[in-house]
Amino acid sequence: MEYRTNITDFILLGLSQTKEVEILCFLVFLLCYIAILIGNLLIMISITCSPLINQPMYFFLSYLSLSDLCYTSTVTPKLIMDLLATKKTISYNGCMTQLFAMHFFGGVEVFILMGMAYDRYVAICKPLHYTIIMNRQRCDAMIAASCAGGFLHSFGQFLLAIFLPYCGPNKIDHYFCDVYPLLKLACMDTSRIGFLVIANSGVMGVVTFVVLLISYAVILHTVRSYSMENRRKALSTCSSHIIVVVLFFAPLLFIYIRPATTFPEDKVFALFYTIIAPMLNPLIYTLRNVEMKNAIKKLCRATEAEEKWGLKKECQLMMEMKTVQQVHSFIIFTLMCYGVIVIIAKTEQWSMQRWLLVGRALYGP
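Just so we're clear, the structure is a prediction, and the values are computed from it rather than from any experiment. (Residues numbered from 1 in each chain as written. Predicted model: local features only at pLDDT ≥ 70, side-chain atom pairs only at ≥ 80, totals over all residues. Heavy atoms only, no water.)

Caption draft 1: Expanded view of the environment of His174. Topologically, His174 is positioned in the loop between β3 (171-172) and α7 (179-185). With a relative accessible area of 5%, His174 lands in the buried category. C-alpha separation for the pair His174 and Phe263, spaced 89 residues apart in sequence, amounts to 10.0 Å. Excluding residues that lie within four positions of it along the chain, His174 makes contacts with Leu12, Leu13, Gly14, Pro181, Asp266, Lys267 and Ala270. (Helix = DSSP H or I, 4+ residues; strand = E, 2+ residues; numbered from the N terminus. Buried < 20%, exposed > 50% of the residue type's maximum accessible area, 1.4 Å probe, protein only. Contact = heavy atoms within 4.5 Å.)

Below, the structure written as structure tokens:
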């Protein structure tokens, strides 16, 4: 078989073909994206500018907010602009870059959720060893491992999609580029590729979800012997994590654990993990967490005092002495994520003959 791609861009069919519905969706998703930006930035800044950054749970939460923000930003701005566009197109390079970026940040988020579950397990089941086990070096290593895991996952999805030959048609029945909709456009037998997608996304999602459920089941069993006050505090913290896990994984597993087929409902389920979950996460973690509420209140007071009297000396010293390294880590993490995207985009400029050689090696002649 000769592997070639004649398509230079794709047409995204989006959520609806009715103009009135698109205008309504535009207003709703614009407000949702603004809420995502404000909520996740508020959590990141509140944690970074307070002593909470030294606690592993909030250290992971700040990175979860960052991954949420990056994850939804790979899809939502394009969706919002397309809702008002006459022709919803995305270039071939842009499609592959969006696919890689979405799975990268999604993979990072999945592994960060596992890190948060492990943190709660150690805190509740092994409280005497908590500070030793969950030291800063181990937390940094877990974040680095999350980035590596997200990269391996997304790079696998990227390879499966980029080597497929697209000869036409070029209409994607979705509002973003994903592997399953692209498989329908490939002019070859994609049954084997579908099994690889299930092995990459589906199995990883199921294993992660099961591990998370088991860890929280062990935690809930352990807190039965705690006092009423300690039990209430532990359940309050873990219930927030469980809600986030279910909200993120339930629609994700519905799409990726089945054979390589697409349904009209996929677009609705995708809204849960691309827009709704990143929007609700800040509310779930702040409304049920007294320490987060206090951190946000202190940040608001500090901002108000700064406008009136200038930044207080205590806040300035805390920023200089306690959070400079954390701010740097945020910057390095963000630059690394976008650097990976740029590298993948540059890779698209390779000679097509080089890609075809690797494609033939994977798929056979």
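Structure shown, so let's carry the discussion forward.
Caption draft 2: How the structure looks around the layout of surface pockets. Estimates place the volume of the largest pocket at around 690 Å³. A per-element tally of the lining of the largest pocket places helix α9 (residues 228-256) first, with seven residues. (1 Å grid on protein atoms, 1.4 Å probe; cavity = no way out; pocket = protein on both sides within 12 Å on 5 of 7 lines; lining within 4 Å. Points joined across faces, edges and corners; volume = space filled by probe spheres on them.)

Caption draft 3: Just empty space enclosed by the protein, in detail. A full pass over the atoms with the stated rule returns four cavities of 30 Å³ or more. Within this model, the largest cavity holds a volume of roughly 190 Å³. Its residues placed into classes, the lining of the largest cavity shows eleven nonpolar, seven polar and no charged. Its volume calculated, the second largest cavity comes out at about 70 Å³. Going through the elements one at a time, α2 (56-73) and α9 are the ones with two or more residues in the lining of the second largest cavity. Of all the elements, α9 adds the most residues to the lining of the second largest cavity, at four residues. Split into classes, the residues belonging to the lining of the second largest cavity amount to five nonpolar, five polar and one charged. (Nonpolar A, V, L, I, M, F, W, Y, C, P; charged D, E, K, R; others polar.)

Caption draft 4: The state of the cysteines, seen in detail. For the structure shown, the criterion picks out two disulfides. A sulfur-sulfur separation of 2.1 Å characterises the disulfide bridge that pairs Cys95 with Cys177. One disulfide, between Cys95 and Cys177, carries an S-S torsion of -125° and so falls in the left-handed class. With Cys95 in helix α4 (residues 92-125) and Cys177 in the loop between β3 and α7, this pair connects stretches of sequence that are 82 residues apart. In this structure Cys95 comes out as buried when scored by relative accessible area, which is 0%. A residue is classified by how much of its surface remains accessible, and Cys177, at 0% relative accessible area, is buried. Residue Cys167 pairs covalently with Cys187 via a disulfide, S to S 2.2 Å. Measuring handedness by torsion sign, the sulfur bridge of Cys167 and Cys187 sits at about 40° and is right-handed. Taken together, the residues Cys167 in the loop between α6 (136-162) and β3 and Cys187 in the loop between α7 and α8 (191-222) connect sequence positions 20 residues apart. For Cys187, a relative accessible area of 32% gives the class partly exposed. (Disulfide = S-S within 2.5 Å.)

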